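# Tertiary structure, described
Read off the chains here:
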Amino acid sequence: MLINPKPEVVKSSHIKDYEKLYKESIADPELFWENIAKELSWYKPWEKVLDWKFPYARWFVGGQTNIVYNALDRWQNTDVKNNTALIWVAQDQSERRFTYGQLNEEVSKFANSLKSLGVKKGDKITIYLPRIPEQFIAMLACLKIGAVHSVVYSGFSADALKNRVEDAQAKIVICSNSYPYGKKIVESKKNVDEALKENKTVENVIVVERIKSDSPAGEQNPEIKSYKEIFWNELVKKQSPVCPTEVMESSDPAFILYTSGTTGKPKGIIHGHGGYMVGIYATLKFVFDISPYDVFWSTADAGWITGHSYILYSPLINGITTFVYEGTPDFPDIEIWWKLIDKYKITKFYTAPTAIRALMKFGEDHLKKYDFSSLKILGSVGEPINPEAWLWFYKNVGREKIPIMDTWWQTETGMFMVTPVPSVSLKPGSAFKPFFGIEADVVDDKGNKIPTNTQGYLIVRKPWPAMLLDVYNNPTRYKETYFEKIPNVYFAGDSAKIDEDGFYWIVGRNDDVIKVSGHRLGSAELESAFVSNPKVAEAAVIGKPHEVKGESIKAFVILKQGVVPSDELKMELVQTVRKSIGPIATPDEIDFVDKLPKTRSGKIMRRVLKAQELGLPVGDTSTLDD
Ligand code: WT7
């Protein structure tokens, strides 16, 4: 099935001829990216567009800039200063708005606050905040003074936070006391107290009072602490609204973002200022056809890369309005997203297949009363979108008039990599073709091209500007994970097919990463969560196809001798995993078993478990022990 773009969409599209521009961009990607970089502001221009010393790429070498210089500073002497940068709607539907001018002042005040606590260029700051404006202000303030933020999703548990704070050796942690989440109140400060019990690096904890409380910061927990607690408001009120933006080298780190891989420990993905900002700027501009009056809504959370690149940084670098809703898609009811789209005249709406599938369950009638005439482009990200969900979204939200941009990318890629642009014809379920300047392909395990419509490994042959700079504190893992599996290329970890028209069809992860509602979790990480319970001897975890979540977690658990299996114990293990990682990692099924399939060297063969579970051929078992 081919869905052709409507003439109005093509008319307003930045890109009229994808194929032509793609060919040109691939003939000289450095020229393509250099021209984009020239649209942005630099303190000092680059001497060299790309320095590619496999496997490290450094873009705009010698250039100096700062993401904040482009996201805020450069608008201050223009009309954009009075445009709305951020509209934030709370769960109770109250709102806070910031113009580019106001946001700049808030960011400067908080940047000065950080400086007053001794934060310097290169210091690491953990941001453990829910979806509130302070989350964005804190991120921008870090970059403004050259500090490196590590945003930890507010749904992660105390243990998960602890690991991330320790790995980053954070000097400051920014959190909220508590926050509303649907009908619940999440006491997130308690997680911070627990995470920092034995911490040696944190000097200050800055607490945002999302819910007014009576106790002053520092006295919420009477234990003696090695760090000082301060309320955000008290800190900020003394500060000047003017703060110079730090001059950064193009490849200086801007942030670390932890993501799950194949080992038990999440990887700290590092992104820089120059290349990253050029990549995210161009991709949003062309894929969502950015124009000055856009109100862009990405329903993600800044705890994930989507929030970094496309809720915060790229919309501001593009000078448009970014929209954020604090609540969940079903609170106060399942029509909240549709109400907000109409009320705030959202023009571009970017969400995840899991949310679409969850909302599909409520049928179509509830959407009919909404107008949706402000919408111009829809987007999808996080996992493959099944054609049924695509068509439902296209019909009921897009009213068969506006295209869906199914964007394939990763924390590591920083920006969209395989994606349509609005003027092309689409096939529901396919992420179209590579973005300009991106030489992607699907190959076999030796790196050879494979026949059309055959499943293989998704790779990228040449560097792109927002490519990760490294894995924090672990260059070996950087090389092994991305550049040694297949010679000379970037190995994405996804399986895909390319069809006869050159369209990419992403199949899913080919490593032991599980995608639960678009959230990335590692089998090994989940298994070590299980064995942290003293009753468990061994565990193996697989992802199983799930109608709404994409994948769900199934665990096979061997209990220690003498431990009696029971339903209560299953419940206890669910709690163990939630405590170790967070509610996003809640297992759906637990089977108690006596044995796990292993190789002769003792490695669990999850592949065999998965095939058995799904009733599929088990494949090559020559390495299977017994
Ligand atoms: C993995 C990366 C990139 C932002 C959110 C996820 C899967 C992502 C798509 C898509 C099929 C997709 C891949 C990828 N994925 N977008 N449009 N179609 N699969 O970032 O947590 O780093 O996860 O998400 O498996 O490798 P992430």
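Everything that follows concerns the structure shown earlier in this document.
Scope of this entry: the structure provided in the associated data block. (Residues numbered from 1 in each chain as written. Predicted model: local features only at pLDDT ≥ 70, side-chain atom pairs only at ≥ 80, totals over all residues. Heavy atoms only, no water.)

When its volume is computed, the second largest pocket comes out at roughly 350 Å³. Taken together, 21 residues line the second largest pocket, and the ones lying closest to its centre are Val-9, Leu-375, Lys-376, Ile-377 and Ile-402. Of the residues assigned to the lining of the second largest pocket, the class counts are 7 nonpolar, 6 polar and 8 charged. (1 Å grid on protein atoms, 1.4 Å probe; cavity = no way out; pocket = protein on both sides within 12 Å on 5 of 7 lines; lining within 4 Å. Points joined across faces, edges and corners; volume = space filled by probe spheres on them. Nonpolar A, V, L, I, M, F, W, Y, C, P; charged D, E, K, R; others polar.)

The pairing of strand β4 (residues 84-89) with strand β5 (residues 95-99) spans 5 bridges and is antiparallel. From the neighbouring strand, Thr-84 faces β5, where its bridge partner is Thr-99. The turn joining β4 and β5, which pair antiparallel and follow one another in sequence, is formed by 5 residues; a positive phi near 75° is taken by Gln-93. (Pairing = 2+ DSSP bridges. Helix = DSSP H or I, 4+ residues; strand = E, 2+ residues; numbered from the N terminus.)

Here the amide bond leading from Phe-54 into Pro-55 is cis, since omega sits at 0°, within 30 degrees of zero. Tracing the chain through its elements places Pro-55 in the loop between β1 (48-53) and β2 (56-61). The phi angle at Gln-169 is positive, at roughly 50°, despite the residue not being glycine. Mapped onto the secondary structure, Gln-169 falls in the loop between α7 (158-168) and β8 (172-176). For Gln-169, a relative accessible area of 48% puts it in the partly exposed group. A positive phi angle, near 50°, is found at Arg-399, a position not held by glycine. Take Arg-399: it is sitting in the loop between α15 (387-396) and β20 (404-406). (Buried < 20%, exposed > 50% of the residue type's maximum accessible area, 1.4 Å probe, protein only.)

When helix α19 (residues 606-614) is considered as a whole, its buried residues turn out to be Arg-606, Val-608, Leu-609 and Ala-611. Check the buried side of α19 and you find it contacts α17 (523-531), β28 (536-546) and β29 (550-559). The positive-phi residue at the C-terminal boundary of α19 is Gly-615, with phi of around 65°. (Contact = heavy atoms within 4.5 Å.)

This part takes up the site of the ligand. The ligand sits among 17 residues. The nearest are Asp-406, Thr-407, Thr-411, Asp-494 and Arg-520. Between the ligand and Arg-509, the relevant distance is 2.8 Å, taken from an oxygen atom to a side-chain nitrogen or oxygen of the residue. With respect to the ligand, the side chain of Lys-515 contributes an N or O atom lying 2.8 Å from an oxygen atom. With the chains in place, 96% of the 550 Å² that the ligand exposes on its own is no longer accessible. (Near = heavy atom within 4 Å. Polar contact = N/O pair within 3.5 Å; in protein donor to acceptor, adjacent residues only side chain to side chain. Areas by Shrake-Rupley, 256 points an atom, 1.4 Å probe, with all protein chains shown as cover.)

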